[in-house]
Amino acid sequence: MGNGLGAKAALAFAMLGLTALTGCGAPGEGGSTLGNMILFAGPTVPPPQAAQIEDVYCPPVEVSEGGSALQAYTGGRVGDTGGLRSQISISQLARECVGRPDGATVVKIGVEGRALLGVGGAAGRYDVPVHIVVKRGSTVIANRSKRLSVAIPAGDSQATFVVVEEGIVVPAVDANSFEIEVGLGAQAATGRRRR
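Residues numbered from 1 in each chain as written. Predicted model: local features only at pLDDT ≥ 70, side-chain atom pairs only at ≥ 80, totals over all residues. Heavy atoms only, no water.

By the naming in an unreviewed UniProt entry, the protein is Lipoprotein, taken from Microvirga alba.

Observations concerning the state of the cysteines
Summed over the entire model, instances satisfying the criterion amount to one disulfide. A sulfur-sulfur distance of 2.1 Å marks the disulfide that ties Cys58 to Cys97. Every disulfide takes its handedness from the sign of the S-S torsion; for Cys58 and Cys97 that torsion is 70°, giving right-handed. You can see Cys58 sitting in the loop between helix 2 (33-40) and strand 1 (61-64) and its partner Cys97 sitting in strand 3 (residues 84-99), a full 39 residues away along the chain. Given a relative accessible area of 22%, Cys58 falls into the partly exposed group. Residue Cys97 is classed as buried on the basis of its relative accessible area of 8%. (Disulfide = S-S within 2.5 Å. Helix = DSSP H or I, 4+ residues; strand = E, 2+ residues; numbered from the N terminus. Buried < 20%, exposed > 50% of the residue type's maximum accessible area, 1.4 Å probe, protein only.)

Some remarks on the pattern of salt bridges
The final tally for this structure, using the stated rule, is six salt bridges. Among the salt bridges present, the one from Arg100 reaches Asp102, with a minimum N-O distance of 3.0 Å. Among the residues examined, Arg100 registers a relative accessible area of 33% and is labelled partly exposed. Its salt-bridge partner being Lys146, residue Glu165 comes within 3.2 Å of it at the nearest N-O pair. Residue Glu165 is found in strand 7 (residues 158-170), and its partner Lys146 is found in strand 6 (residues 139-152); the two are separated by 19 residues along the sequence. One connected set of salt bridges, linked through shared partners, spans Arg144, Lys146 and Glu165. (Salt bridge = Lys/Arg side-chain N within 4 Å of Asp/Glu carboxyl O.)

What about the confidence of the model for the protein?
Put simply, the protein has an average pLDDT of 79, and 66% of its residues get 70 or more. Low confidence marks residues 9-30, where pLDDT is under 50. Its contacts with residues over four positions away, or in another chain, come to 16 contacts. (pLDDT = per-residue confidence, 0-100. Contact = heavy atoms within 4.5 Å.)

Description of the environment of Val134
Residue placement: Val134 occurs in strand 5 (residues 124-136). Classification of Val134 by relative accessible area gives buried; the value is 0%. Residues within four places of Val134 in sequence aside, it is in contact with Ile109, Val140, Ile141, Ala142, Ile168, Val170, Phe178, Glu179 and Ile180.

Notes on the packing of aromatic side chains
Evaluation of the coordinates by the stated rule reveals one aromatic pair. Aromatic side chains Tyr57 and Phe178 sit 5.5 Å apart centroid to centroid with 90° between the ring planes, which places their arrangement in the edge-to-face category. You can see Tyr57 sitting in the loop between helix 2 and strand 1 and its partner Phe178 sitting in the loop between strand 7 and strand 8 (179-184), a full 121 residues away along the chain. (Phe/Tyr/Trp six-rings, centres within 6.5 Å; stacked < 30°, edge-to-face > 60°.)

Some words on the sheet that holds strand 4 (residues 105-117)
Taken together, the four strands give an open sheet; going across it, the order is 2-3-4-7, and neighbouring strands pair in antiparallel fashion. A strand with exactly one partner marks an edge of an open sheet, and here the two such strands are strand 2 (69-73) and strand 7. If you compare each strand with its neighbour and ignore which way they point, the axes differ by 15° on average. Alignment of strand 2 against strand 3, held across five bridges, turns out to be antiparallel. For Leu70, the partnering residue across the bridge sits in strand 3 and is Ile88. (Pairing = 2+ DSSP bridges. Axes fitted to C-alpha atoms, helices over the stretch in contact; angles between N-to-C directions.)

Details of the side chain of Glu165
In this structure Glu165 comes out as buried when scored by relative accessible area, which is 8%. Within polar-contact distance, the side chain of Glu165 engages the side chain of Arg144 at 2.6 Å. Once residues within four sequence positions are removed from consideration, Glu165 is found in contact with Val107, Lys108, Ile109, Ile132, Arg144 and Lys146. (Polar contact = N/O pair within 3.5 Å; in protein donor to acceptor, adjacent residues only side chain to side chain.)

Considering the nonpolar core
Core analysis: the biggest nonpolar cluster contains 25 residues, and Val107, Ile109, Val130, Val134, Phe161 and Val182 have the highest contact counts within it. If you list the elements that add at least two residues to this core, you get strand 3, strand 4, strand 5, strand 6, strand 7 and strand 8. Residues contacting Phe161, with those up to four places away along its chain left out, are Ile88, Ser89, Val111, Glu112, Gly113, Arg114, Val128, Val130, Leu148, Val150 and Leu184. (Core = buried A, V, L, I, M, F, W, Y, C linked by side-chain atoms within 4.5 Å.)

Thoughts on the environment of Arg100
One can find Arg100 in the loop between strand 3 and strand 4. Taking the C-alpha atoms as reference points, Arg100 and Glu54, 46 residues apart in sequence, are found 9.0 Å from one another.

Okay, here's the thing in structure tokens:
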């Protein structure tokens, strides 16, 4: 019986010591750095994580009509394969949709493509304009353009490029019926074909 009382006293003393070490407040609320180290494996409390919902509507990415490739010709000889300087085309598309507790959906879109030299082309930098539209019917939710350049080094005939556009927020009212459209060029066309 004496041993049981001694064990209880030791436990109470240990709890009192831990309370003294961690300070009066709870860790993260005026508690000590040591308390935060024990609970959070660091001296500070990590910021709260926003709740995410993984199982949400996420439509396929569609390519705008005429937006899958851009061709450049020497001397304005459009359609003449002997005068083709370069062709830039989309090769892969990807998207990721994550729901928020308020019902909105956050969309991330990835575009991968290639720049190829034609018969009349030479090593150098080639301009790649990418246009991304997220919409519901005729209502445009996001309209973003990215312009980058891809370098084809001497001795090579092609190079790849990647564009990632993130942080597109689709409001809750549109979150179950929106569309994603991608195209090469200054602006995406209204018609589209599915990828």
